[in-house]
Every structure is written in C-alpha cells, then in structure tokens.
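Summary of structural features
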Amino acid sequence: MKTILIGILLSVPTVLGYKENCEDAREAEPNCGNYCFKAVKPILDYTKFMQSQMEDLKQKSEYLDKLEKWDKQISTRLEEQDKRLKESEQQMETNFNLQDKKIEQKLEDLRRLIEAKTDRRPFQKIGFKYYYIEQSTNMNWYEALHKCVTLGGHLVSIKNLSEFNAIIAKLQPEKHYWIDLNDLGTEGVFLSVTTGLKATYFNWHPSNPDNYQNLEHCGELWWYNNKHLMNDNKCNTKKFFICEPNNQ
C-alpha cells in the first residue's frame, strides 16, 4: 500500500502541471475556441479523481495507523494479563503445595495419635483392658506409684470381679503385687489413689484388712492359701506391682 501511495504522490506534480496547462488553455479559449478546453477536460477530471483517491488513501493510512496502535495496545494488555495469570497460577500452585503439606502433617499427626492409642507398650491387653504387671523388680508402694506414672499410667484400680479374675490369672504364685488401695488418710477408709474417692470393689482375704500392728495402710494382691486376694500391708515393703494406662 505504501508503494501505491509513493506512486500517486509522484504523479501529483504531473497532474498539477496538466492543471496549469488547462488554466492556460482556458485563457487561450477565446483564441482556440472550445477545442482546447475539450482536449484538457479528461485530464482535469482525472486530476479530481486522483485527488479524491489520495484523500481516501490518506484516511485509510491514518485508520491503519490507528489499527496498528490499537493492536500494540491490545498485545501489551494481553501480555500483562498473561503475566498476571502466570503469577496467579504460581501463587495457586504455592498455596496448593502449602495445603498439601498441611494435610500431610495433619495426617501424620493423626497416624501418630492412632499409633499412640493402639500401641500400649509396655501395657498388654488382659481381658478387656490393658495392664502392666511388673514381674522382676520389687518396689515399695510409693516407688511403684511413681513408676506407673512414668509409664503413663497409675497403680491398678480394680473395679469389679471380672477385672479381678482377669488380672490374678496372670500373676505368679508366691508373689505379691501392689494395687492403688490405701487408707493413709483415715484408718479403715480405703480410697483409690487413682480417683481420690472411696474404692468400690474389694475382695479381701479372710480377716483382712487387719492393720497389723497399726502399720498396714497400702493395698496389695497377696498370695496366701494358694490364691491371690486383697490385703493391707506396710507401704514400705518391697513387692511387685500392677499398673494400668491413664486413657482407659
């Protein structure tokens, strides 16, 4: 299109020259009559046509310049939008990765919690509950109480005959085991050290508790007459012991 414009511009002087000749012809018309005017009229018409074409081309050229400018503006905006979209995608990907890590961490925490609840070591299931029965180290009642705490539990608090029978079935003959009963506060009022309340289940040996020599204030499972039953004994006596976890 630029080539066409250049060609038209080059033709303008020639056409203008024809126009000047035509003016001369009009002045000479009285001399040469209508012949001269008729001869140059096609040239004048062509000149007018070319001027119209030039004006039209000029307008089209300006319009093309505007289109080119608009195209650049649109391209710039599209590039900016594309950049923002990429930044948004990167941010979303970062957020998703963070969410994934948080979810993974929560799942890991949940897994550990489940493992902590299902892995009761050193406690073992006896009957319907979990217990730890110390079978090698003898301790006094206070030491046994502390040891159970370090294991995440407390001295066993027997609630009923079913629990009692399940536990004594696992005990060694001729051995004695501390439990959480005590009447250290008030003689004859046996409390559970686990709850701080009066114990609700007892299964004493006959004639017990007897508070022999007024020195027996801690409860045990005592082996006597070929069976384990409850008995009161001196709290500083060394014995085995039985623990149960806090969360059961």
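Please read these numbers as outputs of a predicted model, since none were measured by experiment. (Residues numbered from 1 in each chain as written. Predicted model: local features only at pLDDT ≥ 70, side-chain atom pairs only at ≥ 80, totals over all residues. Heavy atoms only, no water.)

Describing the overall build of the chain
Our working rule: In this description a helix means any DSSP run of H or I spanning at least four residues, a strand means any run of E spanning at least two, and both kinds are numbered starting from the N terminus. Working rule for contacts: check all heavy atoms of both residues, and any pair within 4.5 Å makes them a contact.
The secondary structure content of the chain amounts to five helices and eight strands. Secondary structure elements of the chain, listed N to C terminal, follow the sequence α-α-α-β-β-α-β-α-β-β-β-β-β. Pairs at least 24 residues apart make up 68% of the contacts formed inside the chain by residues separated by at least 6 positions.

Observations regarding a nonpolar patch on the surface
Stated precisely, the cut-off is as follows: Here the term patch refers to residues with relative accessible area over 30% and no salt bridge, with like charges joined within 9 Å and nonpolar side chains (Val, Leu, Ile, Met, Phe, Trp, Tyr) within 5 Å. Here the open area of atoms and residues is found with the Shrake-Rupley method and a 1.4 Å probe, where only the protein chains shown may cover a residue. Salt bridge criterion: a side-chain nitrogen from Lys or Arg within 4 Å of a carboxyl oxygen from Asp or Glu.
A surface patch of nonpolar side chains, about 580 Å² in accessible area, is lined by Tyr-63, Leu-64, Leu-67, Trp-70, Ile-74 and Leu-78. Among the structural elements, Leu-78 can be located in helix α3 (residues 34-118).

Here's the deal with unusual backbone geometry
Note the following rule: The buried label goes to any residue with under 20% of its type's maximum accessible area, the exposed label to any with over 50%, and the partly exposed label to all in between, with areas taken from a 1.4 Å probe on protein chains only.
Between Asn-208 and the following residue, Pro-209, the backbone shows a cis peptide bond with an omega angle of 0 degrees. For Pro-209, the location among the structural elements is in the loop between β5 (191-192) and β6 (218-223). Positive phi, close to 70 degrees, is recorded for Glu-174, a residue that is not glycine. Residue placement: Glu-174 occurs in the loop between α5 (161-168) and β4 (177-182). Looking at Glu-174, the relative accessible area reads 56%, which means it is exposed. We note that Asn-211 has phi near 45 degrees; this positive angle belongs to a residue other than glycine. Mapped onto the elements of the fold, Asn-211 is located in the loop between β5 and β6.

Remarks on the pattern of salt bridges
The full count for this structure, using the stated rule, is five salt bridges. Notably, a salt bridge pairs Glu-244 with Lys-129, separated by 3.5 Å at the nearest N-O pair. A residue pair is termed long-range when its members are at least 10 positions apart, and Glu-244 in strand β8 (residues 240-245) and Lys-129 in strand β2 (residues 129-133) qualify at 115 residues. Assessed through its relative accessible area of 2%, Glu-244 is described here as buried. Among the salt bridges present, the one from Glu-143 reaches Lys-238, with a minimum N-O distance of 2.9 Å. With Glu-143 in helix α4 (residues 141-150) and Lys-238 in the loop between β7 (228-233) and β8, this pair connects stretches of sequence that are 95 residues apart. For Lys-238, a relative accessible area of 46% corresponds to the partly exposed category. Salt bridges here are not isolated pairs; linked through shared partners, they connect Lys-129, Glu-163 and Glu-244.

On their own, these measurements won't tell you what the molecule is for.
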